[in-house]
Amino acid sequence: MGAVVGTLTMQTKQRRPSRDKADDDLEMTIVCHRPEGLDQLEAQTNFSKRELQVLYRGFKNECPSGVVNEETFKQIYSQFFPHGDASTYAHYLFNAFDTGHTGSIKFEDFVTALSILLRGSVTEKLQWTFNLYDINRDGYINKEEMTDIVRAIYDMMGKYTYPVLKTDAPKQHVDAFFQKMDKNRDGVVTLDEFILSCQEDENIMRSLQLFENVI
C-alpha cells in the first residue's frame, strides 16, 4: 500500500497546467466539506489538516467515486509488483483496511490505517499487523493463516525475486514464525505473544520503520 500511497502523493504534486487558483480553491472547499469533516479526521489521526487535504485530493484522483472496491484495489496494488501475482495479498490487505466489512474502502478507512502505519506507536502498528494476519478474525493467528499470508507474499514478490526458492520455503518460514512467537506452544499466536515477540526482535522493530515502503 506504500506504493499506492506513493502514487497518491506524487499525483497531488503533478499539478495540471490549466489549473488556476479558483479551481484549487473549489477543490479545497469540496475537501473541507466531507461528511465526517477534516476537523474530526485530524482529531482521529496523526495527520494535519493540510496533509489530509493533500491525501484526499490524491485519493479522489485515483478513485473518483470516493470509495475503492476490492477489484479496483487489486488493480492498483498489482501495478507495483509486475513480476508477481499480488491479488491474494491485496485481498488480505483490503480486508484489513475495510474495518467495517462493507466491501469498500472509504477515505476515512484509508487515512486511519495510514496514520497507524506511518505515525502510530509501536503497539498500534503491531496490532494492525496482527489483524492483517488474523484472517478469520478470531483473535489468534494459526499456522494455516500464516501459511496463506506467507504464500501470498511469495507470490506477490514473484519468482524473479526468489530464483532458488524451494517449494517448502513457506512452511519453513511459518515454522520459524511459530517457534519464535508461540510462547506456550498451544499451536496459535495471541496478540500479546505477537507483540512481545516482535518487541524482543531488533530486526522486526527496525522493519516497522519501513512500513511506508511495504504497505
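Rules and cut-offs
- Residues numbered from 1 in each chain as written.
- Predicted model: local features only at pLDDT ≥ 70, side-chain atom pairs only at ≥ 80, totals over all residues.
- Heavy atoms only, no water.
- Phe/Tyr/Trp six-rings, centres within 6.5 Å; stacked < 30°, edge-to-face > 60°.
- Helix = DSSP H or I, 4+ residues; strand = E, 2+ residues; numbered from the N terminus.
- Buried < 20%, exposed > 50% of the residue type's maximum accessible area, 1.4 Å probe, protein only.
- Lys NZ or Arg CZ within 6 Å of the ring centre and 35° of its normal.
- Axes fitted to C-alpha atoms, helices over the stretch in contact; angles between N-to-C directions.
- Parallel < 35°, antiparallel > 145°, perpendicular 65-115°, else oblique.
- Left-handed = near helix turned anticlockwise from the far one by under 90°.
- Contact = heavy atoms within 4.5 Å.
- Nonpolar A, V, L, I, M, F, W, Y, C, P; charged D, E, K, R; others polar.
- pLDDT = per-residue confidence, 0-100.
- Expected span 1.5 Å × (residues − 1).
- Salt bridge = Lys/Arg side-chain N within 4 Å of Asp/Glu carboxyl O.

**Some points on the packing of aromatic side chains**
Part 1 of the argument: This model, assessed by the stated rule, comprises 14 aromatic pairs.
Part 2 of the argument: Aromatic side chains Phe 73 and Phe 94 sit 5.6 Å apart centroid to centroid with 65° between the ring planes, which places their arrangement in the edge-to-face category. You can see Phe 73 sitting in helix α5 (residues 70–78) and its partner Phe 94 sitting in helix α6 (residues 87–97), a full 21 residues away along the chain.
Part 3 of the argument: Overall, the relative accessible area of 5% leaves Phe 73 in the buried class.
Part 4 of the argument: Every member of this aromatic cluster is reached through a ring pair, and the members are Tyr 56, Phe 59, Phe 73, Tyr 77, Phe 81, Tyr 89, Phe 94, Phe 97, Phe 107, Phe 110 and Trp 128.
Part 5 of the argument: It is Lys 143 that lies over the ring of Phe 178; its NZ or CZ is 5.7 Å from the centre.

**Notes on the packing of helix α4 (residues 49–62) against helix α7 (residues 107–119)**
Part 1 of the argument: It is the contact of α4 with α7, at a shortest axis distance of 11 Å, that shows an interaxial angle of 125°. Taken together, the axes of α4 and α7 are oblique relative to one another. Seen along the crossing, α4 lies across α7 with a hand that is right-handed. From α4, Glu 51, Leu 52, Leu 55, Tyr 56 and Phe 59 reach across to α7, where they touch Phe 107, Phe 110, Val 111, Leu 114 and Arg 119.
Part 2 of the argument: In terms of residue class, the contact of α4 with α7 is made up of 8 nonpolar, no polar and 2 charged.

**Considering the packing of α6 against helix α9 (residues 143–157)**
Part 1 of the argument: At their nearest, the axes of α6 and α9 sit 7 Å apart, and the two run at 130° to each other. It follows from the interaxial angle that α6 and α9 lie oblique. Where α6 abuts α9, its residues Thr 88, Tyr 89 and Tyr 92 lie against Asp 148, Ile 149, Ala 152, Ile 153 and Met 156.
Part 2 of the argument: A per-class count over the contact of α6 with α9 returns 6 nonpolar, 1 polar and 1 charged.

**Some details on unusual backbone geometry**
One can expect most non-glycine residues to show negative phi and most peptide bonds to be in trans.
Part 1 of the argument: Positive phi, close to 60°, is recorded for Arg 137, a residue that is not glycine.
Part 2 of the argument: Tracing the backbone through its elements, the reader meets Arg 137 in the loop between α8 (122–133) and β3 (140–142).
Part 3 of the argument: Phi is positive for Arg 185, close to 55°, though the residue is something other than glycine.
Part 4 of the argument: Residue placement: Arg 185 occurs in the loop between α10 (169–181) and β4 (188–190).

**Remarks on the confidence of the model for the chain**
Part 1 of the argument: Per-chain confidence: the chain averages 81 in pLDDT, with 76% of residues scoring 70 or above.
Part 2 of the argument: Throughout residues 1–35 the model reports pLDDT below 50, and contacts reaching past four residues in sequence, or to other chains, amount to 48 contacts.

**Concerning α10**
Part 1 of the argument: With 13 residues, α10 should reach 18 Å at 1.5 Å per residue; the first-to-last C-alpha distance of 18 Å fits that figure.
Part 2 of the argument: Contacts from the buried residues of α10 go to β3, α9, β4, α11 (191–200) and α12 (202–207).

**Comments concerning the pattern of salt bridges**
Part 1 of the argument: With the rule as written, the count across this model stands at 8 salt bridges.
Part 2 of the argument: Taking the shortest distance from any N to any O, the salt bridge between Asp 39 and Lys 49 comes out at 2.6 Å. Taken together, the positions of Asp 39 in helix α3 (residues 38–44) and Lys 49 in helix α4 put the pair 10 residues apart, joining distant regions of the chain.
Part 3 of the argument: For Arg 206, the salt bridge identified is with Glu 202, shortest N-O distance 4.0 Å. One end of the pair is Arg 206 and the other is Glu 202, both in helix α12 and 4 residues apart, which spans about a single turn.
Part 4 of the argument: Looking at Arg 206, the relative accessible area reads 46%, which means it is partly exposed.
Part 5 of the argument: Here the residues in one salt-bridge network are Lys 143, Lys 171 and Asp 175, joined through shared partners.

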